[in-house]
Amino acid sequence: MCGTNDILFKSELVSTKEILIINLISFSSDDGKLVKIPHKFSLRTVPTTKIIGIPSAPTLAFRYMDSNLHQITHRPIVRILERRYPLTVTGYKYLNIGINVKLPSYVTIILRDSHGKEIPLSPDIWRELLEQKHVILSLLQYDENNRGIRAPMYVGNLTLRFGRINNLPILRLEISTARLSMSKSTVLNIFNLEYYVNRLISSLTAMTDNVDKKFSRLLAIAFTVTKSANMLKTMYDDESFDRNDILDCELIALVFGEY
């Protein structure tokens, strides 16, 4: 039975020798009758011989291997050349920085805790936080002697809220999907990493074009593999693979290494 607000989804799998097409069709209920919504979405794999360009979201690349449907790259986010800096003595909170592997790839900074909560920061947001460093620290200092509620600050998509836990000042960072609270000492440790992070942003950003080229090449190789057990061997045996290149090694190990 369908209520008036129900929406149903029907999937159609169409398999040819070289191309798999997944069509998603949606329906709504109108006066007890199913009405097809006139939108059709398709996820397709394209044979290597017909590739004009690598898809911008490679996590939607599928291929039949071992008679089963596999995603060529099945992790939502893979980060390479990653560095981690602890922000607390116990390592409960830390800062990560690396290159997110997509097309195009990009540098991201992650504030994270041991429970998996993450606040991603783009290089632009990071620079804006540094510009507001003295304001943020002064507001935390202000809260040490005042119990009043401070107005939040906004930096891009990031909200900064100032408060207290156990009578100690804290800064809570919020985005639409996560929030992370930090003590004043943790915030100081973040700002103390300013020059390290800035240097890494510059170095990693200069490498993103090369990451895109290598990732595109590896995706093209992956599309030729029909047995999952042969994935890594096929890549290692390819004449373009350089065992002395850290980008080649990390891309293969972290993106394709589960096959």
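About the cut-offs
Residues numbered from 1 in each chain as written. Predicted model: local features only at pLDDT ≥ 70, side-chain atom pairs only at ≥ 80, totals over all residues. Heavy atoms only, no water. Helix = DSSP H or I, 4+ residues; strand = E, 2+ residues; numbered from the N terminus. Buried < 20%, exposed > 50% of the residue type's maximum accessible area, 1.4 Å probe, protein only. Contact = heavy atoms within 4.5 Å. Areas by Shrake-Rupley, 256 points an atom, 1.4 Å probe, with all protein chains shown as cover. Arc of directions from axis to C-beta. Pairing = 2+ DSSP bridges. Salt bridge = Lys/Arg side-chain N within 4 Å of Asp/Glu carboxyl O.

Please set out the overall build of the protein residue by residue, giving values where relevant.
What the protein contains, in helices and strands, is seven helices and 13 strands. Residues classed as buried in the protein amount to 39% of the 259 residues present. In the protein, the proportion of contacts linking residues at least 24 apart, taken out of those at least 6 apart, comes to 47%. When the accessible surface of the protein is totalled, it reaches about 15,300 Å², and 53% of it is carbon and sulfur.

Would you mind going over helix α3 (residues 184-192) in detail, with residue names and values included?
Three or more residues of α3 are buried, namely Lys184, Thr186, Val187, Ile190 and Phe191. Along α3, the residues classed as buried sweep out an arc of 160° about the axis, all on the same side.

Which residues make up the pairing of strand β12 (residues 168-174), and what values do they have?
Extensive coverage of β12 is indicated by the burial of five of its seven residues. Across seven bridges, the pairing between strand β11 (residues 158-165) and β12 is antiparallel. Considered in β12, the bridge of phenylalanine 162 is made with leucine 171. Hairpin connection, β11 to β12: the antiparallel pair is bridged by two residues, and asparagine 166 has positive phi, about 55°. Two elements, β12 and strand β13 (residues 179-183), share five bridges in a ladder whose sense is antiparallel. In the sheet register, glutamate 174 faces β13, and the bridge partner there is arginine 179. In sequence, β12 turns back onto β13 through a hairpin of four residues.

Tell me about the pattern of salt bridges, and please be specific about residues and values.
Charged atoms that come close allow side chains of opposite charge to pair. Evaluated as defined, the whole model comprises ten salt bridges. For arginine 172, the salt bridge identified is with glutamate 174, shortest N-O distance 2.6 Å. Take glutamate 174: its relative accessible area is 10%, and that puts it in the buried class. In this structure, the salt-bridge partner of lysine 233 is aspartate 237, at a minimum N-O distance of 2.6 Å. Linking lysine 233 with aspartate 237, this pair stays in helix α6 (residues 231-237), spanning four residues, or about one helical turn. One continuous salt-bridge network, built from bridges that share partners, spans Lys214, Arg217, Asp245 and Asp248.

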